[in-house]
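Spelled out, the chains give:
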Amino acid sequence: MRKPVIAGNWKMYKLLSEAVDTALRLKPLVANANHCEIVIAPVFTALKTVADRLEGSNIKVASQDCAAQNEFGAHTGEVAPVMLKDVGCSYAIIGHSERRQIYGETDASVNAKTKAALSADLKAIVCVGEHLSEREAGSANSVVETQLNKGLEGLTVDDMERIIIAYEPVWAIGTGKTATPEQAQEMHGHIRQTVAKTHGDAVAKDVRILYGGSVKPDNIAELMSQEDVDGALVGGASLEADSFAKIVNFEK
Ligand code: PGA
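Read on for a plain summary of the structure. (Residues numbered from 1 in each chain as written. Predicted model: local features only at pLDDT ≥ 70, side-chain atom pairs only at ≥ 80, totals over all residues. Heavy atoms only, no water.)

## Here we look at the layout of surface pockets
Here is step 1 of the chain: The calculated volume of the largest pocket comes to roughly 430 Å³.
Here is step 2 of the chain: What lines the largest pocket is a set of 14 residues, among which Lys-11, Met-12, Gln-64, Arg-99 and Tyr-103 lie closest to the centre.
Here is step 3 of the chain: The leading source of residues in the lining of the largest pocket is helix H4 (residues 97-103), at 4 residues.
Here is step 4 of the chain: Tallied by class, the residues present in the lining of the largest pocket amount to 6 nonpolar, 4 polar and 4 charged.
Here is step 5 of the chain: If you add up the space inside the second largest pocket, you get close to 200 Å³. (1 Å grid on protein atoms, 1.4 Å probe; cavity = no way out; pocket = protein on both sides within 12 Å on 5 of 7 lines; lining within 4 Å. Points joined across faces, edges and corners; volume = space filled by probe spheres on them. Helix = DSSP H or I, 4+ residues; strand = E, 2+ residues; numbered from the N terminus. Nonpolar A, V, L, I, M, F, W, Y, C, P; charged D, E, K, R; others polar.)

What follows is the structure, given as structure tokens:
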């Protein structure tokens, strides 16, 4: 059984006090949710405080990115995965489409960051997804396959236990256009087959594949009803404790 993961990506929103406030509001609302792993990803500057305030709860904290190096050194502006682990992170989101589009993240950097995150004992939420033009040209499957093959290259079967894949079609992020449950299922199935080819059937069967892109309280249930959708990476709707809690508690 794959335990679902519901992760909230807060992007570059919330001052520290607001981040703490949202996290503390969320805590009682999801206190009984044992059916899934619950993750929130505040900005770097809020990670330590939020992680401290959530200690002992069922909400884990993720960074939205990480450096590709764990050795201390001359990397101005970067934050090493060991430092994220040190302040209470359990996960790192890697290769989000905004990182790829705006900050030049490549499949090679995603691969290096993923390896660095794993070696610091973080779980990595590795994001993939096609642009609208690629979907319209019929190349969505091959684009995602390449992102996976390169992004997860060199990872062992053991490493893969700490990998979570997030499929986020770029055209669905922040646009209000969700992929239909059928579109999500089709790509998630393809992702599982791709992982089976590179890492074997057992790994593919167990790897969690999250859907992301305009997930809301009113569409989570039908997305989660798809066989290969194992959770969600939520942007906008994770910023309010109430709406994120509704997504976490969708079964109830
Ligand atoms: P959205 O963002 O839910 O606001 O579409 C998803 C994401 O970027 O992870």
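Text resumes after the structure shown.
## Observations concerning helix H1 (residues 16-29)
Here is step 1 of the chain: Helix length check: H1, at 14 residues, gives a terminal C-alpha distance of 20 Å against a target of 20 Å (1.5 Å per residue), a fit within 8%.
Here is step 2 of the chain: Residues Ala-19, Val-20, Thr-22, Ala-23 and Leu-26 constitute the buried set of H1. All buried residues of H1 project into a common sector of 165° when viewed along the axis, lining one side. More than 90 degrees from the buried face of H1, the exposed residues found are Ser-17, Arg-25 and Pro-28.
Here is step 3 of the chain: On its buried side, H1 packs onto strand S2 (37-41), helix H2 (44-53), strand S3 (59-63) and helix H12 (241-248). (Expected span 1.5 Å × (residues − 1). Buried < 20%, exposed > 50% of the residue type's maximum accessible area, 1.4 Å probe, protein only. Arc of directions from axis to C-beta. Contact = heavy atoms within 4.5 Å.)

## Topic: the site of the ligand
Here is step 1 of the chain: Taken together, 13 residues lie around the ligand, and Lys-11, His-96, Glu-168, Gly-174 and Ser-214 are the ones closest in.
Here is step 2 of the chain: Within the backbone of Ser-214, one N or O atom sits 2.7 Å away from an oxygen atom of the ligand.
Here is step 3 of the chain: In isolation the ligand offers 280 Å² of accessible surface; the protein chains occlude 96% of this area.
Here is step 4 of the chain: The pocket occupied by the ligand, as judged from atoms lying within 2 Å of grid points, is the second largest pocket.
Here is step 5 of the chain: Classifying every residue of the shell around the ligand by side-chain character gives 4 nonpolar, 7 polar and 2 charged. (Near = heavy atom within 4 Å. Polar contact = N/O pair within 3.5 Å; in protein donor to acceptor, adjacent residues only side chain to side chain. Areas by Shrake-Rupley, 256 points an atom, 1.4 Å probe, with all protein chains shown as cover. Sits in = over half its atoms within 2 Å of the grid points.)

## Points about the packing of aromatic side chains
In this description, an aromatic ring pair is defined by two values, namely the gap between the centres and the angle between the planes.
Here is step 1 of the chain: In total, this model carries 1 aromatic pair according to the counting rule given.
Here is step 2 of the chain: In this arrangement the basic side chain of Lys-14 is found over the ring face of Trp-10, its NZ or CZ atom lying 5.2 Å from the centre. (Phe/Tyr/Trp six-rings, centres within 6.5 Å; stacked < 30°, edge-to-face > 60°. Lys NZ or Arg CZ within 6 Å of the ring centre and 35° of its normal.)

## Quick look at the pairing of strand S1 (residues 5-9)
Two faces make up the sheet, and in a regular strand the side chains alternate between them.
Here is step 1 of the chain: In terms of residue burial, S1 counts as a mostly covered element, since 5 of its 5 residues are buried.
Here is step 2 of the chain: Inspection of the sheet shows S1 paired to S2 by 5 bridges, in the parallel sense. Counterpart to Ala-7 in the pairing with S2 is Val-39.
Here is step 3 of the chain: Traced from S1 through H1 to S2, the parallel crossover comes out right-handed. (Pairing = 2+ DSSP bridges. Right-handed = clockwise from strand over helix to strand, strands pointing away.)

As far as function goes, none of this settles anything; it's purely spatial.
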